[in-house]
Structures are given as structure tokens and as C-alpha cells.
Amino acid sequence: MTEKLARYGYTNVKCIDSTGTTGGFCVGWKAGLNIQVIEVFLSGFSLLVDDEPGLPPWMLFCIYGTPYHRHKRSFWRWLTSVVQNCKMPWALIGDLNVILEADEKLGGNHFGNREGEILQNFLMDCDGIDLGFIGQTFTWNNARDASNRVRKRLDRVVANSDWCVRFAHAGVVHFPILHSDHAPLILDSRRNEQKRRYPFRFLEVWTSDESCGNTIRKAWDNPCEGHHSFRVMRKLNWAKTALKKWN
């Protein structure tokens, strides 16, 4: 892999070896970029990026999230701890193997209430912001025939508020899925302003406007039948839709 990356101009390469036909993870950067590998994890890297003279460096986490359900809770507790200990602007990119919302999945089992909890908790605990994307929604598919095909947005970029302020015009592009089951992603920290799709986030400043509370109350008071957890999820979706129109 090192030789292949070098042919494309990536003269600086750090790899985690594969085990048989599984695993393996490389990061590479071209000459002239001031990047330092700080730590190599079992499933990723932390890189110190010093790309602007006169400004402090920032941390880039390149992460492969465990695909195994039985390991997900412990993996994300570990990752949360690692990111929380970072005291500088940071961004995190990778195949995280989790999704956030129902519209990030098409096919297969129905989206469960707990399916988005892991990533939701990580974002809340680490002051993380999903950077959204330009392009197709889904970054992975299971390569099955149409009736059994499952598509998900497993790959994404997350950053903290300090990084977002510093790179206010940053953008993430999803490219088509070709020759793989995953789509390539590009994080451009200096992308020109374009229309991007962002996940919904409630802003605390809205609470200072009385009409915000009225909007939520009106949506929440709509009648809904079914199991308690179903009613809660339905009312949350109604409130989200109403707040998007209100804002």
C-alpha cells in the first residue's frame, strides 16, 4: 500500500497492517504539508495538522468504527474519552459504522430508536457537529440485488465548534460508490460557500424567543396513537419539522 500511495504523490505514509484479508488502514500526505502522527490506535490515527503560519495547529482523527454490535458501546466510550482529552480544534473523519437518523438508512430492518443513540451521545459529550455533505446521502451499500439492498450513511466528518469557526467555509463531498462498497469522501477546509445539507440541531438561543416554545408546544399537542416510545419519536419528528419551518 505504501508503494501504491507513493505513486500518487503521497510520500509520507503511515499504515496499520491488515490481518489476512481484513483490516488495514493507511494515512498519507504529500510533501510540503506539516502533519505529524501523534498516535496510532488499533483502528485509526490522530494527526497534528499545522497548516497555517501564525495559527495554532489542529487535530485530525482518522477513525474506523467497529462494525460489531457487541463492541460498539466500549469502542465509543473509548473514542469519546480520546476526543474529550483533545484541547484544541479537532475534526474526525472515517467509516464510523453508525448512523444518526432514520433518513440515513434505506432498506433492511427499520431504524430503531436506539440505533442513533451512540452517535448522538458522542456529539453531545464531545461538542461535536456533523459537517453535513454535498452529494448523495448514502456512503455504503451491501452490494446485494435490489430487493435485499441496504444503504447507509456510515462515513462522515464531525468537528468541534472551534474547528468550525476557524474553517467556516469547510465542506464535505460524497462521491459516487465505484469499485467498492463505500463512497469516497473529501473534506475541503477551504471550500467556497455552497448549499449543504446539515442534520437538525436545536440551538439554545432559540429559547429566548417565546414563539419557539409555542411552535414546539403546538407540534407536541398533535394527537398520536401507539406505544409510548413510538409516540415520543413521532412527536420529536413533528417538532423538528415545525422548528425548521419556524427558523
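Residues numbered from 1 in each chain as written. Predicted model: local features only at pLDDT ≥ 70, side-chain atom pairs only at ≥ 80, totals over all residues. Heavy atoms only, no water.

1. Some points on the nonpolar core
Looking at soluble globular proteins, one finds that nonpolar side chains tend to be buried together.
Move 1: Core analysis: the largest hydrophobic core is formed by 21 residues, its most contacted members being Phe-61, Trp-76, Trp-90, Leu-92 and Phe-122.
Move 2: For this core, the secondary-structure elements that each account for two or more residues are strand 5 (58-64), helix 2 (69-84), strand 6 (90-95) and helix 3 (117-126).
Move 3: If you look at the next biggest cluster of nonpolar residues, it comprises 20 residues, including Val-27, Ile-35, Leu-47 and Val-157. (Core = buried A, V, L, I, M, F, W, Y, C linked by side-chain atoms within 4.5 Å. Buried < 20%, exposed > 50% of the residue type's maximum accessible area, 1.4 Å probe, protein only. Helix = DSSP H or I, 4+ residues; strand = E, 2+ residues; numbered from the N terminus.)

2. Concerning the sheet that holds strand 7 (residues 105-106)
Paired through their backbone hydrogen bonds, the strands of a sheet run either parallel or antiparallel.
Move 1: If you walk across this open sheet you meet the three strands as 7-10-9, and the pairing is antiparallel. Strand pairing shows two members of the sheet lacking a second neighbour, strand 7 and strand 9 (140-141), which therefore form its edges.
Move 2: As defined by bridge partners, strand 9 adjoins strand 10 (residues 151-152) across two bridges and the pair is classed as antiparallel. Pairing of Asn-141 across the sheet is with Arg-151, part of strand 10. (Pairing = 2+ DSSP bridges.)

3. Quick word on the packing of helix 2 against helix 3
Two quantities define a packed helix pair, namely the angle between the helix axes and the distance between the axes.
Move 1: Axis separation between helix 2 and helix 3 bottoms out at 10 Å; the angle between their running directions is 15°. Taken together, the axis directions place helix 2 and helix 3 in an arrangement best described as roughly parallel. Of the two elements, helix 2 crosses helix 3, and the hand of that crossing is right-handed. Facing helix 2, whose interface residues are Lys-72, Arg-73, Trp-76, Leu-79, Thr-80, Val-83 and Gln-84, helix 3 presents Glu-117, Ile-118, Leu-119, Phe-122, Asp-125 and Cys-126.
Move 2: For the contact of helix 2 with helix 3, the class distribution of residues is seven nonpolar, two polar and four charged. (Axes fitted to C-alpha atoms, helices over the stretch in contact; angles between N-to-C directions. Parallel < 35°, antiparallel > 145°, perpendicular 65-115°, else oblique. Left-handed = near helix turned anticlockwise from the far one by under 90°. Contact = heavy atoms within 4.5 Å. Nonpolar A, V, L, I, M, F, W, Y, C, P; charged D, E, K, R; others polar.)

4. What about the side chain of Asp-130?
Move 1: Tracing the sequence through the fold places Asp-130 in strand 8 (residues 128-130).
Move 2: Polar side-chain contacts of Asp-130 include one of 2.8 Å to the backbone nitrogen of Gly-132.
Move 3: Here the side chain of Asp-130 touches Arg-156 through a polar contact of 2.5 Å, side chain to side chain. (Polar contact = N/O pair within 3.5 Å; in protein donor to acceptor, adjacent residues only side chain to side chain.)

5. A word on the pairing of strand 4 (residues 44-49)
Residues in a regular strand point their side chains to alternate faces of the sheet.
Move 1: With five of six residues buried, strand 4 lies mostly within the body of the structure.
Move 2: Summarising the sheet, strand 3 (residues 35-41) and strand 4 pair through six bridges and their orientation is antiparallel. Counterpart to Phe-41 in the pairing with strand 4 is Gly-44.
Move 3: The hairpin turn running from strand 3 into strand 4, its antiparallel successor, is two residues long.
Move 4: Across six bridges, the pairing between strand 4 and strand 5 is antiparallel. Of the residues in strand 5, the one forming a bridge with Leu-48 is Met-59.

6. Concerning the sheet that holds strand 8
Move 1: Within the open sheet, the six strands sit side by side as 3-4-5-6-11-8. Their pairing is mixed. Looking at strand neighbours, the two that pair on one side only are strand 3 and strand 8, the edges of this open sheet. Each strand axis lies, on average, 20° off the axis of its neighbour in the sheet, ignoring direction.
Move 2: The pairing of strand 8 with strand 11 (residues 155-160) spans three bridges and is antiparallel. Across the sheet, the residue bridging to Asp-130 is Val-158, located in strand 11.
Move 3: Contacts from helix 2 reach strand 3, strand 5 and strand 6, with the element oriented near 170° to strand 5.

7. Side note on the pattern of salt bridges
Move 1: Applying the stated criterion to the full structure yields nine salt bridges.
Move 2: Arg-166 serves as the salt-bridge partner of Glu-52, at 3.9 Å between the closest nitrogen and oxygen. Remark: Arg-166 occurs in helix 4 (residues 161-166) and Glu-52 occurs in the loop between strand 4 and strand 5; sequence separation between them is 114 residues.
Move 3: Of the residues examined, Glu-52 reaches a relative accessible area of 21% and is grouped as partly exposed.
Move 4: Bridged by salt links that share partners, the residues Glu-104, Asp-130, Arg-153 and Arg-156 form one connected network. (Salt bridge = Lys/Arg side-chain N within 4 Å of Asp/Glu carboxyl O.)

8. A short note on the layout of surface pockets
Move 1: For the largest pocket, the calculated volume is near 2000 Å³.
Move 2: Looking at the largest pocket, it is lined by 45 residues, and the ones nearest its centre are Phe-25, Cys-26, Val-27, Gly-28 and Cys-62.
Move 3: Elements that contribute at least two residues to the lining of the largest pocket include exactly strand 1 (12-19), strand 2 (22-29), strand 4, strand 5, strand 6 and strand 13 (185-188).
Move 4: Ranked by residues supplied to the lining of the largest pocket, first place goes to strand 2 with eight residues.
Move 5: Across the lining of the largest pocket, the residue classes tally to 27 nonpolar, eleven polar and seven charged.
Move 6: Residue lining of the second largest pocket: 22 residues in total, with Glu-101, Gln-120, Phe-200, Leu-236 and Lys-240 positioned closest to the centre. (1 Å grid on protein atoms, 1.4 Å probe; cavity = no way out; pocket = protein on both sides within 12 Å on 5 of 7 lines; lining within 4 Å. Points joined across faces, edges and corners; volume = space filled by probe spheres on them.)

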